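# Architecture and fold: a report
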Amino acid sequence: MPVFRHIAVSAAAAVTLVGLLPGGAAALEQPGVLRAELRQALEDTVTAGSVAALAEVRDAGRTYRLAAGKAEYGTPRPAPAGGRFRIASVTKLFTATVILQLSAEGRLRLTDPVGKWLPGVVDRADDITLEHLLRHTSGVPDYLPGLLDASGVVRDPTRTWHDRELVALANRLPRTFDAPGGRFAYSNTNYVLLGMVVEAVTGRPYAREVTERVIRRAGLTGTSAPGETTSIPGPHPHSYALVGGVVTDITALSPTILGAAGGIVSTTADLNRFLRALLGGGLLPPAELALMKTPSPGTTYGMGLTTLQTPCGTFYGQAGGIGGYFTAAFQRQDGRREVSLAATPYTGNPQQALSTLLQRTACA
């Protein structure tokens, strides 16, 4: 299980987040009861070792947006319920959307070898297709673990990275497996490469494309594409890690360490709005949306999208973590329950606490 705070959550890890949902759980009918349950779940997450916990739950047309904890460790300022945070691997869902839009427009094919668009950039580029990258079946290794220290904290958090530098790090590692398409292995390198493909196809920066094609189109007013600034704009909870036994602020982070794989900043309200637009057919034609939702054999991961089977229905979404932030965003298949949450765990058992939070908000 990857470290929630610093490494993008894999599809297998995301499954465990709701794998223990209580059998027979159903949406509570009384709005006051659901609000109270959500507030308690957030407070319990803080007690378990997070400085802040934020969530927006939309249930049958009602919206509940709450926060618990503090905006900064050791201060009285409450965590902002509408605050921004790093969404980590939920970014992959934005990137996959852009790639599938370009496919629908006929500007690329998912069967294109990576080498067609990025010649010489990654090893065995002519054997790996864009679909392999989208589905994490390329065998390209993940560069990110090599940029973390022994405790999982980014070693040089404010350094500006270029995509080719990140891919070069992956090229120095042994392939996860030899034959692309045969196995699943989560790798941030796949989506860094897809961001580079977006730029090669359009001739424009990835950040501009994802902003115009997804962020503005979906009306996401609190969301910003990856740049080079190490700060988070607007109100936001700070993130922390235990460094030498001391609670240390690690909010400052260059989003270039993940880029198209995990560099977007957003809010709980915007993530719910994004999934509503995406799964409602507002961002992709039906054929491309169906491809995105279809998992690879033996997995729950489609193209940037994870499918979760729970006692209260099928959910679609994604989860991830980087730089002290954990994020999850899921929508039930019928569209009647939407859950987006963020937390800043720094001690205790983050995996258990955050899994519990998602369990309680998805099927409360």
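Note that the coordinates shown come from a computational prediction; the quantities given were computed from them, not determined experimentally.

Definitions and cut-offs
Residues numbered from 1 in each chain as written. Predicted model: local features only at pLDDT ≥ 70, side-chain atom pairs only at ≥ 80, totals over all residues. Heavy atoms only, no water. Buried < 20%, exposed > 50% of the residue type's maximum accessible area, 1.4 Å probe, protein only. Helix = DSSP H or I, 4+ residues; strand = E, 2+ residues; numbered from the N terminus. Pairing = 2+ DSSP bridges. Disulfide = S-S within 2.5 Å. Arc of directions from axis to C-beta. Contact = heavy atoms within 4.5 Å. Core = buried A, V, L, I, M, F, W, Y, C linked by side-chain atoms within 4.5 Å. Expected span 1.5 Å × (residues − 1). Axes fitted to C-alpha atoms, helices over the stretch in contact; angles between N-to-C directions. Left-handed = near helix turned anticlockwise from the far one by under 90°. Nonpolar A, V, L, I, M, F, W, Y, C, P; charged D, E, K, R; others polar. pLDDT = per-residue confidence, 0-100.

So, on to the pairing of strand 9 (residues 325–332). Most of strand 9 is tucked away, with 8 of its 8 residues classed as buried. On strand 9, burial covers both faces: Tyr325, Thr327, Ala329 and Gln331 on one face and Phe326, Ala328, Phe330 and Arg332 on the other are all buried. Both strand 8 (residues 313–322) and strand 9 contribute to a ladder of 8 bridges, which runs antiparallel. Within strand 9, the position partnered with Gly320 by the bridge is Thr327. Strand direction decides the pairing type here: strand 9 and strand 10 (residues 337–345), joined by 6 bridges, are antiparallel. The partner of Ala328 across the bridge, within strand 10, is Leu341. Linking strand 9 back to strand 10 in an antiparallel pair, the connection comprises 4 residues, with Gly335 at a positive phi of about 75°.

Before going further, it helps to examine the state of the cysteines. The full count for this structure, using the stated rule, is 1 disulfide. Linked covalently through their sulfurs, Cys312 and Cys363 form a disulfide whose S-S length is 1.6 Å. For the disulfide bridge between Cys312 and Cys363, the dihedral angle about the S-S bond is near -65°, and by the sign convention the bridge is left-handed. Placement of Cys312 in the loop between strand 7 (306–310) and strand 8 and of Cys363 in helix 11 (residues 350–363) is noted, with a sequence separation of 51 residues between them. Here the two residues Cys312 and Cys363 agree in accessibility, since each one is buried.

For helix 10 (residues 286–293), the set of buried residues is Glu288, Leu289 and Met292. Down the axis, helix 10 shows its buried residues gathered within 100° of arc, on one side only. Residues of helix 10 that are exposed and angled more than 90 degrees away from the buried face: Pro286 and Ala287. In this structure, the buried side of helix 10 is in contact with helix 3 (91–104) and helix 9 (268–279).

Phe94, Tyr143, Val210, Phe274, Leu278 and Met292 are the most contacted members of the largest nonpolar core, which totals 78 residues. Among the elements that make up this core, the one with the highest residue count is helix 7 (residues 188–202) (8 residues). Ignoring any residue separated from it by four or fewer positions in sequence, one finds Leu278 in contact with Leu93, Thr97, Leu283, Leu284, Leu289 and Met292. Counting 26 residues, the second largest nonpolar core, distinct from the first, contains Ala41, Ala68, Phe315 and Ala343.

Let us now look at unusual backbone geometry. Even without being a glycine, Arg124 presents a positive backbone phi close to 60°. Relative to the helices and strands, Arg124 resides in the loop between helix 4 (114–117) and helix 5 (130–135). A residue is classified by how much of its surface remains accessible, and Arg124, at 35% relative accessible area, is partly exposed. With a phi angle near 60°, His136 is a residue other than glycine that sits in the positive phi range. In this fold, His136 is placed in the loop between helix 5 and helix 6 (163–171).

Pairing geometry for strand 1 (residues 50–59) and strand 2 (residues 62–69), over 8 bridges, is antiparallel. Residue pairing for strand 2: Val57 is matched across the bridge by Tyr64. Counting the residues between successive antiparallel strands, the hairpin from strand 1 to strand 2 contains 2 residues, one of them, Ala60, with a positive phi of roughly 50°.

With that settled, the discussion passes to helix 3. In this model helix 3 runs 20 Å from its N-terminal to its C-terminal C-alpha over 14 residues, within 8% of the 20 Å that 1.5 Å per residue would give. In terms of residue burial, helix 3 counts as a mostly covered element, since 13 of its 14 residues are buried.

Quick look at the packing of helix 6 against helix 7 now. Packing of helix 6 against helix 7 brings their axes to within 10 Å, and their N-to-C directions diverge by 145°. Judged by the sense of rotation from one axis to the other, the crossing of helix 6 with helix 7 is left-handed. On helix 7, the residues that touch Asp163, Arg164, Leu166, Val167 and Ala170 of helix 6 are Thr189, Val192, Leu193 and Met196. The residue inventory of the contact of helix 6 with helix 7, partitioned by class, reads 6 nonpolar, 1 polar and 2 charged.

Attention now goes to the confidence of the model for the protein. Per-residue confidence for the protein averages 90 on the pLDDT scale, and 91% of its residues sit at or above 70. Of the regions scoring below 50 in pLDDT, residues 1–29 engages in 98 contacts with residues more than four places distant in sequence or in other chains.

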